[in-house]
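Each chain, written out:
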Amino acid sequence: MYVSDVTTYLYTHHVHYGEIPLPDSQSPLTRLENVSIPSNQLAKSVMLNTADEMIMVVIPASSQLLLEGLEDELNIGPLTLAKEHHIATRFPDCELGQMPPIPELYGMDVYISDELMQSDHIYFSSGHHDCLLKVLLHDYEDLVQPFVHLANNSTASLSLAIKSTSADLRDI
């Protein structure tokens, strides 16, 4: 298993985490189905571009991001999906599509869905397809401080900007 900058970062910030190995011999969907993680606790990071910067939006794996709703809710826009080569440059220690929701490590702002903040734990990619990380939610919140305060001092939430889908994890 690959030891990433993410696990080093968690360790140096005294955040306890569990590693959940995902056997490489299986397809990504089968690997996730076999670990029995509730899809509302499994985070996926979506990289978006604003007019000025790249931001990270973290939503449940079973949800889709509605860009128009997010633009309205956060009062920023237009938003576009980040290009793969920009993501690869920003996340050099990660496999494509496996960006962990640790924004400070990558110098960016993060917006996190309220739906992910309803359990005791959050699960997310270690940066590589072979391992998920499990962190106590309160430790994650203390580390990441996920709600970015906007210019009008309101706290950003994503309750209206995501659309829940079935428990299908193929889009991860």
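The structure under discussion appears in the preceding block.
Scoring rules and cut-offs
Residues numbered from 1 in each chain as written. Predicted model: local features only at pLDDT ≥ 70, side-chain atom pairs only at ≥ 80, totals over all residues. Heavy atoms only, no water. Helix = DSSP H or I, 4+ residues; strand = E, 2+ residues; numbered from the N terminus. Buried < 20%, exposed > 50% of the residue type's maximum accessible area, 1.4 Å probe, protein only. Contact = heavy atoms within 4.5 Å. Areas by Shrake-Rupley, 256 points an atom, 1.4 Å probe, with all protein chains shown as cover. Pairing = 2+ DSSP bridges. Axes fitted to C-alpha atoms, helices over the stretch in contact; angles between N-to-C directions. Phe/Tyr/Trp six-rings, centres within 6.5 Å; stacked < 30°, edge-to-face > 60°.

Participant: Looking at this structure, how should I read the overall build of the protein chain?
Facilitator: Of the regular secondary structure elements, the protein chain holds 6 helices and 9 strands. Residues classed as buried in the protein chain amount to 47% of the 172 residues present. Contacts in the protein chain between residues far apart in sequence, at least 24 positions, make up 68% of those at least 6 positions apart. Surface summary for the protein chain: the accessible area is close to 8800 Å², and the carbon and sulfur share equals 49%.

Participant: Honestly, unusual backbone geometry in this entry has me stumped. Any pointers?
Facilitator: The residue H14 is not glycine, and still its phi comes out positive at about 60°. Along the chain, H14 falls in the loop between α1 (5-12) and β1 (17-21).

Participant: Would you mind showing me how to read the sheet that holds strand β7 (residues 121-125) here?
Facilitator: Within a sheet, adjacent strands bond to each other through the backbone by hydrogen bonds, running parallel or antiparallel. Pairing is antiparallel across the open sheet formed by 3 strands, whose spatial order is β1-β8-β7. This sheet does not close on itself; its edge strands, each paired only once, are β1 and β7. Shown here is a sheet whose adjacent strand axes are inclined to one another by a mean of 25°, direction ignored. Relative to strand β8 (residues 131-136), β7 is paired through 5 bridges, and the arrangement is antiparallel. Its bridge partner being in β8, F124 is matched across the sheet by L133. Helix α6 (residues 137-144) contacts β7 and β8 of the sheet and is inclined by roughly 90° relative to β8.

Participant: Explain the packing of aromatic side chains to me, please; I cannot follow it from the model alone.
Facilitator: The relation between two aromatic rings is expressed through the spacing of the ring centres and the mutual angle of the planes. This structure, assessed with the given rule, holds 2 aromatic pairs. Their ring planes at 40° and their centres at 4.3 Å tell us that F91 and Y106 sit as a pair that is tilted. Here the residue F91 occupies a position in the loop between α4 (84-90) and α5 (103-106), and Y106 occupies one in helix α5, the gap between them amounting to 15 residues. Side by side, F91 and Y106 carry an identical accessibility label, which is buried. Residues F124 and Y140 carry aromatic rings whose centres are separated by 5.8 Å and whose planes lie at 45° to one another, so their mutual orientation is tilted. Here the residue F124 occupies a position in strand β7, and Y140 occupies one in helix α6, the gap between them amounting to 16 residues.

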